[in-house]
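# Report on the structure
Each chain, letter by letter, is given below.
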Amino acid sequence: MKTEQKIRIAIQKSGRLNSDSIQILKECGIDINTGLNQLKAQAYNFPMEVFFLRDDDIPQYVQDGVADIGIVGENVLVEKNKDVKIIERLGFGKCRLSIAMPKGKSFKSAADLNGLKIATTYKNILTKYLKKEKINAEIHEISGSVEIAPSIGLADAICDLVSSGSTLFMNGLKEVEVIFKSEAVLVQNRSLDKVQLELVEKLLFRLNAVKKSKKNKYILLNAPNKNLDKIIKILPGMKSPTILPLAEEGWSSVHSVVNEDMFWEIIEALKANGAEGILVVPIEKMIA
């Protein structure tokens, strides 16, 4: 019997991207058998094998073909500088790599970093930034607990990942310069065969459907027929809104899809043109 070919995906074993990576696969209709300290799992309903790895190792595994694709923070990908291809930005795990200094230190511009010792685990990204800005600073490369470096005299400043900034605050630091913005990305080995590429395309189709559904809302409203032309122009639906006559003479029910970036502006315009009973419904899946 011929064995079904599977796509092998690497995701973070633990940490900030782990649960979101599993969740987005679940939203794509892919169920994974996960367990405590599990390093490998099978998908129940998609030809996929999942490897749970250290974030820092994922670019190497994908480059070497141990995994076909992987979900990893872009900051890790750039720092490791491996030869893999970004095929999708996933919209979660957003953070920034920033330089931070003790709260009492003055900072007006990047030039104030000249002559300082900066502690970081992101030596390569920081080196590129300092070179670009023509800053002469010493990089002190350490792993873990970067925030404590200034308070124990190891460095004058740090360069580390920032999400909310609460960790910096608790360690008496202030964010002074953002040098890199990051999010989770889906990366691919550059030497996949035809079957593997077809499986990746199937996954990308599902991922894009999920991403579109999160950015769109399905709205239903009642509109006076005398204003239908104006209301149709306001609604930017995927093609054109669905219009159904109501039992009450002179009114129609209008159904459409609205992008969340324009949502409140559109709702206000609809109300100004007599729309009533506006109902907003999340879209769980939107297939292109």
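Whatever comes next refers back to the structure up there.
Rules of the game
- Residues numbered from 1 in each chain as written.
- Predicted model: local features only at pLDDT ≥ 70, side-chain atom pairs only at ≥ 80, totals over all residues.
- Heavy atoms only, no water.
- Pairing = 2+ DSSP bridges.
- Helix = DSSP H or I, 4+ residues; strand = E, 2+ residues; numbered from the N terminus.
- Axes fitted to C-alpha atoms, helices over the stretch in contact; angles between N-to-C directions.
- Contact = heavy atoms within 4.5 Å.
- Buried < 20%, exposed > 50% of the residue type's maximum accessible area, 1.4 Å probe, protein only.
- Polar contact = N/O pair within 3.5 Å; in protein donor to acceptor, adjacent residues only side chain to side chain.
- Core = buried A, V, L, I, M, F, W, Y, C linked by side-chain atoms within 4.5 Å.

## Let's talk about the sheet that holds strand 7 (residues 117-120)
Read from one edge of the open sheet, five strands run 8-7-9-6-10, paired in mixed fashion. In this open sheet, the two edge strands, each paired with only one partner strand, are strand 8 (138-141) and strand 10 (173-182). Shown here is a sheet whose adjacent strand axes are inclined to one another by a mean of 30 degrees, direction ignored. Across eight bridges, strand 6 (residues 95-102) lies against strand 10 in antiparallel orientation. Across the sheet, Ala100 pairs through a bridge with Glu175, a residue of strand 10.

## Digging into the environment of Leu279
With respect to the element layout, Leu279 can be found in strand 15 (residues 276-282). Separated by 237 residues in sequence, Leu279 and Gln42 place their C-alpha atoms 40 Å apart. Here Leu279 is in contact with Tyr218, Ile219 and Leu220, once residues within four sequence places are set aside.

## A closer look at the pairing of strand 11 (residues 184-188)
Among the five residues of strand 11, five are classified as buried, and the element is accordingly described as predominantly covered. Burial along strand 11 is two-sided: Ala184, Leu186 and Gln188 facing one way and Val185 and Val187 facing the other are all buried. Of the strand pairs in this sheet, strand 4 (residues 69-73) and strand 11 are connected by five bridges, and their pairing is antiparallel. What sits directly across from Gly70, in strand 11, is Val187.

## Section: the environment of Gly29
With respect to the helices and strands, Gly29 occurs in the loop between helix 1 (18-27) and strand 2 (40-42). According to the relative accessible area criterion, Gly29 is partly exposed, its value standing at 31%. In the structure, Gly29 is positioned 69 residues away from Ser98 in sequence and 36 Å away in space, judged by C-alpha atoms. When residues no more than four places from it in sequence are discounted, the contact partners of Gly29 are Asn45 and Arg206.

## Regarding the side chain of Glu88
By the element assignment, Glu88 lies in strand 5 (residues 85-89). At a separation of 2.6 Å, a polar atom in the side chain of Glu88 contacts the side chain of Lys211. Not counting chain neighbours up to four residues away, the residues in contact with Glu88 comprise Val185, Leu186, Leu204, Asn208 and Lys211.

## Observations regarding the nonpolar core
Counting 29 residues, the largest nonpolar core has Ile9, Ile30, Met48, Ile71, Leu186 and Leu203 as its most contacted members. Of all elements in the fold, only strand 1 (7-12), helix 1, strand 3 (48-53), strand 4, strand 11 and helix 6 (194-214) reach the threshold of two or more residues within this core. Counting residues per element, this core draws most heavily on helix 6, at six residues. Not counting chain neighbours up to four residues away, the residues in contact with Ile71 comprise Ile9, Ala10, Ile11, Gln12, Ser21, Ile24, Ile58, Leu90, Phe92, Ala184, Val185 and Leu186.

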